[in-house]
Every structure is written in structure tokens, then in C-alpha cells.
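This is what each chain is made of:
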Amino acid sequence: MPPTGTRLHPTGRLIPADLDEQKVRAVVDLFYARARADDVIGPVFNRVIAGPDWPEHLATITDFWSSMLLGTGRYAGRPMPRHLALRELGDAHFARWLSLFRATVEELCSPETAALFVDRAERVAHSFRIGLAISRGEDSTRIEILRAP
Ligand code: HEM
């Protein structure tokens, strides 16, 4: 029996004490504020998401991470097709996205929580890169997982 007050993810994994809805929102707000201003990934976000649509995008991403890490099941979307539609996406974008994301979670979270965020982000980014290669008729068999520097 886990000690009182500890929270379990539906997979049975212990949820770190500092990881809650407020923390997820804080990570999303800081990361996307930096992503929009970034010279590599910023132009992609700013081309696709108009200013008035950002609150809704941030709410969707918060639902995504809340579902992934807290098991709330709030996110029911399919992110893959939306990324396959981003014709300019390449490894330079994923490398920058991951390094910015690692810096943000390491600034705001405990090492344990930061590692959870980074592990999931690396896996999702990997699935997007494989999906992009397949959709572009490229060889997807030799794609190695990109680690957040
Ligand atoms: C190369 C780096 C990336 C760029 C430039 C990027 C850009 C975008 C853009 C422009 C959208 C809005 C698409 C639309 O509304 O049509 C979007 C949606 C989204 N992205 Fe990314 N993304 C990147 C990587 C990632 C990664 C690694 C994750 C997850 C760990 C992620 C999770 C999401 C989610 C959950 C959505 C919302 C999809 C929905 O509306 O249901 N993205 N992204």
C-alpha cells in the first residue's frame, strides 16, 4: 500500500510530489512563450497558430500533458496528423524543441518530474519523426531517438 497522500498514475507509477495540474500549466506556459520567440521553431508556431488562438492551443497542450503524466484522460486528440501537415518540420526543429523543453522542465520541476517530461517528449518526438519519414517516402528504419541535449 503506497503511503497516504502519494498519487498513482493509472499505470501504477508513483506521481512525484511536485507534479500536479499547476506544474503542468506552468511548464506549458513557459515553454510555449519561449517556443514562439525561438528563431528555429517560432516561425512554424507563428505561421500556424494565430495570436487569438493561443489560449486554446495552450489549453489543449495542458490537457495532453495532464493526460500523459497525471492520467486524467482529458486529451482525446491525435497530434500525429497535425505534425505531418507541417511540411517544414525537420530534425533541426525537433532538436531545438527538445533542448528548449529540457531547459524549461529542469528550471521548473524536481529532477524526477523533469526526467518524466523529457522521457515522454523524446518518445513522442521520435514517433513524429518516423511518421514524417514514412509520409515523405523516406527510409524510416534507421531513425534513432533524438535525446534532449
Ligand atoms: C519540431 C517540433 C514541433 C513543432 C514545430 C510543433 C508545432 C506544432 C504546431 C504548429 C501545432 C498546431 C497544429 C495545428 O493546430 O494544426 C502543434 C500541435 C501540437 N503539438 Fe507540436 N510541434 C512540435 C513537436 C511536438 C512534440 C515533441 C510534442 C509532444 C511531446 C507535440 C505536441 C503537440 C500537441 C499535443 C499538439 C495539439 C494537437 C491537437 O490539436 O490535438 N509537438 N505542434
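As the structure is a prediction and not an experimental result, all values here were calculated from the model.

Quick look at the coordination of the iron atom of the ligand
Donation to the iron atom of the ligand from the protein comes from one atom only, His-83 (NE2), at 2.0 Å. Tracing the sequence through the fold places His-83 in helix α4 (residues 79-84).

Thoughts on the packing of helix α5 (residues 91-108) against helix α6 (residues 111-135)
Relative orientation of the contacting elements α5 and α6 amounts to 170 degrees, with a least axis distance of 10 Å. In terms of orientation, α5 and α6 fall into the roughly antiparallel class. Only Ala-114, Phe-117, Val-118, Ala-121, Glu-122, Ala-125, Phe-128, Arg-129 and Leu-132 of α6 make contact with α5, whose side of the interface consists of Asp-91, Phe-94, Trp-97, Leu-98, Phe-101, Arg-102, Val-105 and Glu-106. Here the residues of the contact of α5 with α6 sort into 12 nonpolar, no polar and five charged.

Digging into the site of the ligand
Taken together, 21 residues sit near the ligand, with Phe-45, Tyr-75, Arg-82, His-83 and Trp-97 positioned nearest. Tyr-75 is positioned such that a nitrogen or oxygen atom in its side chain is 2.6 Å from an oxygen atom of the ligand. A distance of 3.1 Å separates an oxygen atom of the ligand from a polar side-chain atom of Arg-82. Only α2 (42-48), α3 (54-70), α4, α5 and α6 provide two or more residues apiece to the shell around the ligand. The leading source of residues in the shell around the ligand is α3, at five residues.

Criteria and thresholds
Residues numbered from 1 in each chain as written. Predicted model: local features only at pLDDT ≥ 70, side-chain atom pairs only at ≥ 80, totals over all residues. Heavy atoms only, no water. Donors = N, O, S within 2.8 Å, 3.2 Å for Na, K, Ca; no water. Helix = DSSP H or I, 4+ residues; strand = E, 2+ residues; numbered from the N terminus. Axes fitted to C-alpha atoms, helices over the stretch in contact; angles between N-to-C directions. Parallel < 35°, antiparallel > 145°, perpendicular 65-115°, else oblique. Contact = heavy atoms within 4.5 Å. Nonpolar A, V, L, I, M, F, W, Y, C, P; charged D, E, K, R; others polar. Near = heavy atom within 4 Å. Polar contact = N/O pair within 3.5 Å; in protein donor to acceptor, adjacent residues only side chain to side chain.

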